[in-house]
Every structure is written in structure tokens, then in C-alpha cells.
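# Reading the structure
The primary structure of each chain is shown beneath.
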Amino acid sequence: MELSLRRLRMLRELHRRGTVTAAALALHYTTSAVSQQLTQLERDVGAKLFERRGRRVQLTEAGVLLAEHAEEILQSVERATTALEQTRDGVTARLTAGVWASVASTLIPSALALLAAEHPGIEVRTRELAPEETAGAVRDGSLDFSFVIEYSGYPMLWDPELTKVVIAVERLHAAVPPGTVPAGTIALADLAEHPWVLAGPNSHFGRAVSLACQRAGFEPRINHEVGEQATALAMVAAGLGVTLVSDLGLTLSPPGVEVVALTEPLVRTISIAHRGVASERPPLRLVIDAVRTAAAERGLAAQ
């Protein structure tokens, strides 16, 4: 019997998620491709691995057994990769990172420039995802590491399979059309009567800001629900409302946006998430160091 690591990874995701569609989405394949590969896996092992129950898929006893072994096999492969990297004289590796817009346009270019100068054997590829999706993609194995965020006053559940390394701390600021509020600093409650441009309730950012507004005594009146900070800032510049923006997000700000400090600052922490077994990978440690340096150069070093 010859087992394909790719097919084992698909079986593991099917076991975790319950549907072929969800497994395909997590692994960035089409549903038909995953279905075909799982059918081939059944042929490879000569046993029925799953049964369809409506829209969901129920693993058979043999399927559960193989999925449990797949978890061990895939972790062993990752440990072997780490061990081999540690034996090389020079540091070489290809890593894939999950990023979002403000990180991709600020920290990533600076960090990769540092790596290219000091460790040219390390290649980092990036994939832009919504911040809410990056940690899951690391756990699934489709990314080597990702950037994740947490907001003050908004605790989030953390996957125990992942390790988190803090690399930067940002403040959030009010972004308003010019002349909307007095110069200097402003309390969040002073924005209660203004229309808002804000991410929806399914995003970490949208929920965190909405909770902060509620603690300040009001519910934000969201006239424009948008997902990207660059879009929100463009709408603020057009006079359509107010929003909050992070330190890194300020780089995306167009002309016509006035940035005002909050009297009670909201803080968000940027971390790098990776699978625990990857902690000993020298290339990953060097990438983390480079990103930390890039954050420190912008005055965002984590204390």
C-alpha cells in the first residue's frame, strides 16, 4: 500500500470538518478535486472510508482509523522536515505566510528585504486572506505561518495546536473627514452621532470596534459596511462617515482623511501563528526575527 500525503491531508480535513466542500475550502482545492482524490484514496487502501449522509460525510470505522493515523503521519513529516533543515550548513527553506493588506504593504516588504540581505536561501511566499481565516489555514497545513490579531477588550479563543509569537503592538485612531471633530484628541463617545464606515460583525475588527463603542455608551450607526481598511478610509475621505484605523492601516490613508488620537487608546496586538512542531525550524525563527525588526523600525515593537 502506497499512501499519498496529499490525500491523507484531505482525509484529515474531511474528518475535522464533516463535508467535502468545507475540506476543499480549507485546503484551497475545488470540491470535485477533493472528492476525486478521496475516492482514489479508497482504492489505494482497498477499503470504504466514508459514507454520504445528506450533505455531510460520515467516516467509516476504517476512515476514522486512517484519519487518526494521518494526523500522526503528517506531524512526523513536519518533524522530519525540521530535523533536515537543522542539519544543513546554510539556512534554506520555502515558507508560505498568511497576510492581510496592511501587513502585506508594510511589515512584509521590510522583513523580506532583511532576509534577502542576510539569509538569501529563505524564500517566503504570501497569500492574502481575511484576518479571521489565517490561523485556521496554519492549523490545516496550507500555510507555514500567518499573521493574527487580537484587540484589547475583545478576548478571542485560541487554538491549542498553534503557537503564537507577538511581533507588534498598534494603537487604533479615529479617522474622520477634515473639520468633523476638534483637533487634538477625542473620546470614542464623541463619535456617537456620526455615521460609521466599518467592517461587519463577522470580522474581528468590526466586532472589536462595535464592542468598544458599546462600552463607551453607544451603538455605532453603520451606514457603510466594508471589509477593507483602504475602502473604509476612501469613504471617510469622501465625507461618508468616520471609522477607526490602526497604525499600519494609516499607510493606506488617502488625502482628505484627518487622523485623531483617542483619549482612551484601543490597542491591537499582531502575532505570528505557527504549528507547535514548527518551533524548532531555524528558517521560521529567522523570519520571525526579521518581522520583529521591521515592526520595531516602525515604532511598533512589542514590549
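Up top you'll find the structure we're talking about.
What counts, and at which threshold
- Residues numbered from 1 in each chain as written.
- Predicted model: local features only at pLDDT ≥ 70, side-chain atom pairs only at ≥ 80, totals over all residues.
- Heavy atoms only, no water.
- Phe/Tyr/Trp six-rings, centres within 6.5 Å; stacked < 30°, edge-to-face > 60°.
- Helix = DSSP H or I, 4+ residues; strand = E, 2+ residues; numbered from the N terminus.
- Buried < 20%, exposed > 50% of the residue type's maximum accessible area, 1.4 Å probe, protein only.
- Lys NZ or Arg CZ within 6 Å of the ring centre and 35° of its normal.
- Salt bridge = Lys/Arg side-chain N within 4 Å of Asp/Glu carboxyl O.

### Observations concerning the packing of aromatic side chains
- Summed over the entire model, instances satisfying the criterion amount to 4 aromatic pairs.
- Judged by centre distance (6.5 Å) and plane angle (90°), the rings of Trp-100 and Phe-147 are edge-to-face. You can see Trp-100 sitting in the loop between strand S3 (93-99) and helix H5 (101-104) and its partner Phe-147 sitting in strand S5 (residues 145-151), a full 47 residues away along the chain.
- A residue is classified by how much of its surface remains accessible, and Trp-100, at 7% relative accessible area, is buried.
- One aromatic cluster in this structure is built from Trp-100, Phe-145 and Phe-147.
- Cation over ring: Lys-164 sits above Trp-158, and NZ or CZ is 4.5 Å from the ring centre.

### Focus: the pattern of salt bridges
- Counted under the stated rule, the structure contains 10 salt bridges.
- A salt bridge links Glu-13 to Arg-17; the shortest N-O distance between them is 2.8 Å. Taken together, the residues span about one helical turn, with Glu-13 and Arg-17 both in helix H1 (residues 5-17) at a distance of 4 residues.
- Overall, Glu-13 belongs to the buried group, its relative accessible area being 0%.
- Salt bridges sharing common partners tie together Arg-12, Glu-13, Arg-16, Arg-17 and Glu-71.

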